[in-house]
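Letter by letter, the chains look like this.
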Amino acid sequence: MTNSILPYEPSKQPPIGRQVFGVIVRVIGLLVALWGVLALAWAAGETRFALVGHYTPATYLIFGLVYLALGILLIRGEWLVRFAYGGRAARSEG
């Protein structure tokens, strides 16, 4: 083993499908988080500048916080990749 930081030797060929899925999950998380920021900005604008919307500012605030939290959860989406691919990356023994 040449790397003193990792307790195992990483495989020479990483699983490409797992990486692509991880990137897709994080991009979706980024889009959801941005949607939450937009909803929060709309709630602030509706409150501050009396913009006319379809819902009350409290509704935009609640959904903005929910979308922002879900987006952050997906950006840190290694848990979802592990769930989908069954544990950590395959370790080579020997």
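Everything discussed here concerns the structure shown above.
Conventions adopted
Residues numbered from 1 in each chain as written. Predicted model: local features only at pLDDT ≥ 70, side-chain atom pairs only at ≥ 80, totals over all residues. Heavy atoms only, no water. Helix = DSSP H or I, 4+ residues; strand = E, 2+ residues; numbered from the N terminus. Buried < 20%, exposed > 50% of the residue type's maximum accessible area, 1.4 Å probe, protein only. Contact = heavy atoms within 4.5 Å. Areas by Shrake-Rupley, 256 points an atom, 1.4 Å probe, with all protein chains shown as cover. Salt bridge = Lys/Arg side-chain N within 4 Å of Asp/Glu carboxyl O. Axes fitted to C-alpha atoms, helices over the stretch in contact; angles between N-to-C directions. Parallel < 35°, antiparallel > 145°, perpendicular 65-115°, else oblique. Left-handed = near helix turned anticlockwise from the far one by under 90°. Nonpolar A, V, L, I, M, F, W, Y, C, P; charged D, E, K, R; others polar. Patch = residues over 30% accessible without salt bridge, like charges linked within 9 Å, V, L, I, M, F, W, Y side chains within 5 Å. Expected span 1.5 Å × (residues − 1). Arc of directions from axis to C-beta.

Colleague: Quick question: what am I supposed to make of the overall build of the protein here?
Modeller: Assigned secondary structure in the protein consists of three helices and zero strands. Ordered by position in the sequence, the α and β elements of the protein form the string α-α-α. Among the 94 residues that make up the protein, the fraction classed as buried is 18%. Looking at the protein alone, contacts between residues at least 24 apart form 62% of all its contacts between residues at least 6 apart. Summing over all exposed atoms, the protein offers an accessible surface of approximately 7,400 Å²; the carbon and sulfur share of this is 70%.

Colleague: Which parts of the structure should I look at to understand the side chain of Arg 18?
Modeller: Within the secondary structure layout, Arg 18 lies in helix α1 (residues 16-49). The class of Arg 18 is buried, set by a relative accessible area of 12%.

Colleague: Where do I start with the pattern of salt bridges in this structure?
Modeller: Once the charged atoms of two side chains with opposite charge are near each other, the side chains can pair. Tallying each qualifying case throughout the model produces two salt bridges. What emerges from the salt-bridge pattern is a single network uniting Arg 18, Arg 26 and Glu 78.

Colleague: Which parts of the structure should I look at to understand the packing of α1 against helix α3 (residues 78-85)?
Modeller: When two helices pack together, their arrangement is given by the angle between their axes and by how far apart the axes lie. Across the interface, α1 lies against α3 with an axial gap of 9 Å and an inter-helix angle of 140°. Judged on the interaxial angle alone, α3 and α1 are oblique. The crossing of α1 and α3 is right-handed. Between α1, through Gly 17, Arg 18, Phe 21, Gly 22, Val 25 and Arg 26, and α3, the contact on the second element is made entirely by Glu 78, Leu 80, Val 81, Arg 82, Ala 84 and Tyr 85. Of the residues in the contact of α1 with α3, the class split is six nonpolar, two polar and four charged.

Colleague: So what exactly am I meant to see when it comes to a nonpolar patch on the surface here?
Modeller: A contiguous nonpolar surface patch, about 520 Å² in accessible area, is contributed by Val 23, Val 27, Leu 30, Leu 31, Leu 34 and Ile 75. With five residues, the top contributor of residues to the nonpolar patch is α1.

Colleague: Would you mind showing me how to read helix α2 (residues 57-75) here?
Modeller: Owing to its 3.6 residues per turn, the α-helix brings residues three or four apart onto one side. In this model α2 runs 26 Å from its N-terminal to its C-terminal C-alpha over 19 residues, within 8% of the 27 Å that 1.5 Å per residue would give. For α2, every residue scored as buried is listed here: Tyr 60, Gly 64, Gly 71 and Leu 74. Looking straight down α2, one finds that the buried residues subtend no more than 95° of arc, so they occupy a single side. On its buried face, α2 is in contact with α1 and α3.

Colleague: I tried to follow α1 on my own but got confused; where do I start?
Modeller: Between the first and last C-alpha of α1 there are 48 Å, a value that for 34 residues agrees with the 50 Å anticipated at 1.5 Å per step. Turning to α1, its buried residues are Arg 18, Gly 22, Val 25, Gly 29, Val 32, Ala 33, Gly 36, Ala 39, Ala 43, Gly 45 and Glu 46. Buried residues along α1 sit in contact with α2 and α3.

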